[in-house]
Amino acid sequence: MDGVQTKPIPQMDANHTEPPFGQWCRCPQRVPSSLLVTYDQDRCREQIAITATRSESPPAAEETASLVRDAGTNTDPVGCCARIREVCPCPPRGLLASLVTKVTMAAVLFGVVWSITEKECLPGGSLFGLVVLFLSAMVGGKLVALIRLPTLPPFPPLLGMLLAGVLLRNVPVVTDAVFVEPRWSAALRNVALAVILTRAGLGLDASALKKLKAVCVRVAVGPCTVEASTVAVASHFLMGLPWIWGFILGFVLGAVSPAVVVPSMLHLQKEGYGVEQGVPTLLMAAGSFDDILAITGFTTCVGVAFATGSTWYNVLRGVLEVAGGIALGVILGFFIRFFPSKDQ
């Protein structure tokens, strides 16, 4: 046209090839194949539905309907593989990886301990019995904690641990395999008592204990003494036991279980119940004092029952043990106060 300037169209070389579409449209990332398959299936359904509506013959409509059903029920292998990878990822992650790691660590630990102790890690050994006892107690506690009744409070895990111990001791086959030497058992019981009482001492409130020290002594001494005396009198007149054996039985039955009292009071103290009145501190201190009194009375009575020397020495030995324990506790308390120091 006149007055209009036109640019000449460049001639394409014969050897020139058109670049692919991907070079003209550079997407930031590739579209997953599962989305493409879903998009193609939707487009296929739409085209088939339009064809079915435009068709006037019933056979054609039935054929297109069957095609729609086939397209809807078609399974995508790519999607199935993706779901399998989510369930069982490679490399493993999450719960599966944690389980594999724990099993591997347990196997390595067992191998190391077995290489040192040999028979103690096998069924019938003390280490094997302790491991089985620990695992059974933990499983029993977890199972009992899961029990929920609508009209009752939740059961404590300690009940499941006790039931696990009863089963391990009374099942014939398990009793032969799960064995712990009496010397090991006695030492572990003493360690457990020391740990529980130490935990109770660390949870005490000093200010509340100062205000309730008189009440603490009455609560600790009164019930234990009355229970031991009552059991001794009843066992002497009803069962014909000697007085000394009656008091031994009384101190055994009159002792408070720190494994029940201390965790419960620590939980109440953590929740804030009775903290202002000092109730958790009072009960933990009184329970610990009650246990010490019961252990002292039991040891004294046993010493008198099996006395081979002076009776007064056996009577005073329990008092001397308590005094020595108090002195040693004070020394260790001052040591822990200064060591480790603040700059360490």
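As annotated in an unreviewed UniProt entry, the protein chain carries the name Cation/H+ exchanger transmembrane domain-containing protein and is attributed to Scleropages formosus. Check the Subcellular location (unreviewed entry) section of the UniProt entry for the protein chain; it says "Membrane".

Enquirer: Where do I start with the UniProt feature "transmembrane region" (unreviewed entry) in the protein chain in this structure?
Expert: With numbering aligned to this structure, UniProt lists the feature "transmembrane region" (unreviewed entry) at residues 95–116, 128–147, 243–262, 292–313 and 319–339. Across residues 95–116 one finds 100% helix and 0% strand; the C-alpha atoms that close the span lie 32 Å apart. Strand forms 0% of residues 319–339 and helix 95%; the C-alpha atoms that close the span are 30 Å apart.

Enquirer: How should I be thinking about the side chain of S126 in this particular structure?
Expert: Structurally, S126 is set in helix α6 (residues 126–145). The contact partners of S126, leaving out residues within four places of it in the chain, are E120, F179, V180, E181 and W184.

Enquirer: Would you explain the packing of α6 against helix α7 (residues 157–170) in this entry?
Expert: For any two helices packed against each other, one specifies the inter-axial angle together with the distance between the axes. One way to put it is that α6 packs onto α7 with a least axis distance of 7 Å and a crossing angle of 135°. Comparing the axis directions of α6 and α7 gives the class oblique. Read as a crossing pair, α6 and α7 show a hand that is right-handed. Touching V132, L133, S136, A137, G140, G141, V144 and A145 of α6 are P157, L159, G160, M161, A164 and L168, all from α7.

Enquirer: Got a minute to help me understand empty space enclosed by the protein in this structure?
Expert: Remark: the empty space left among the atoms is shown by a probe the size of a water molecule rolled over them. Counting across every chain of the model gives 1 cavity of 30 Å³ or more. Around the largest cavity sit D205, Q269, G274, V275, G278, P280 and T281, which together line it. Across the lining of the largest cavity, the residue classes break down as 2 nonpolar, 4 polar and 1 charged.

Enquirer: Can you help me understand the layout of surface pockets in this one?
Expert: Here the largest pocket is characterised by a volume of approximately 1,700 Å³. Lining of the largest pocket is provided by 36 residues; of these, L158, M161, L162, A192 and A259 occupy positions nearest its centre. Elements represented by at least two residues in the lining of the largest pocket include exactly α6, α7, α9 (182–202) and α13 (258–271). Tallied by class, residues from the lining of the largest pocket come to 27 nonpolar, 6 polar and 3 charged. Counting contributing residues per domain, the lining of the largest pocket is built from domain 1 (96–180) and domain 2 (192–306), each supplying no fewer than three. When its volume is computed, the second largest pocket comes out at roughly 1,200 Å³. In this structure, the second largest pocket is lined by 26 residues; those nearest its centre are L197, I292, G325, I326 and G329. Among the elements of the structure, α9, α11 (213–238), α14 (279–305) and α15 (311–338) are those that each provide at least two residues to the lining of the second largest pocket.

Enquirer: Any chance you could explain the packing of aromatic side chains here in plain terms?
Expert: Enumeration according to the criterion identifies 3 aromatic pairs in this entry. For the ring pair F237 and W243, a centre distance of 5.9 Å and an interplane angle of 85° mean the geometry is edge-to-face. Residue W243 is classed as partly exposed on the basis of its relative accessible area of 39%. Ring geometry for W245 against F306: centres 5.7 Å apart, planes inclined by 85°, an arrangement best described as edge-to-face. Pair noted here: W245 is in helix α12 (residues 243–254) and F306 is in the loop between α14 and α15, with a separation of 61 residues, a long-range link. On the basis of relative accessible area, W245 is assigned to the partly exposed category, the value being 39%. The exposure class of F306 is exposed, given its relative accessible area of 55%.

Procedures and definitions
- Residues numbered from 1 in each chain as written.
- Predicted model: local features only at pLDDT ≥ 70, side-chain atom pairs only at ≥ 80, totals over all residues.
- Heavy atoms only, no water.
- UniProt positions renumbered as here; feature names shortened; annotations may be inferred.
- Helix = DSSP H or I, 4+ residues; strand = E, 2+ residues; numbered from the N terminus.
- Contact = heavy atoms within 4.5 Å.
- Axes fitted to C-alpha atoms, helices over the stretch in contact; angles between N-to-C directions.
- Parallel < 35°, antiparallel > 145°, perpendicular 65-115°, else oblique.
- Left-handed = near helix turned anticlockwise from the far one by under 90°.
- 1 Å grid on protein atoms, 1.4 Å probe; cavity = no way out; pocket = protein on both sides within 12 Å on 5 of 7 lines; lining within 4 Å.
- Points joined across faces, edges and corners; volume = space filled by probe spheres on them.
- Nonpolar A, V, L, I, M, F, W, Y, C, P; charged D, E, K, R; others polar.
- Domains from an automatic or database assignment.
- Phe/Tyr/Trp six-rings, centres within 6.5 Å; stacked < 30°, edge-to-face > 60°.
- Buried < 20%, exposed > 50% of the residue type's maximum accessible area, 1.4 Å probe, protein only.

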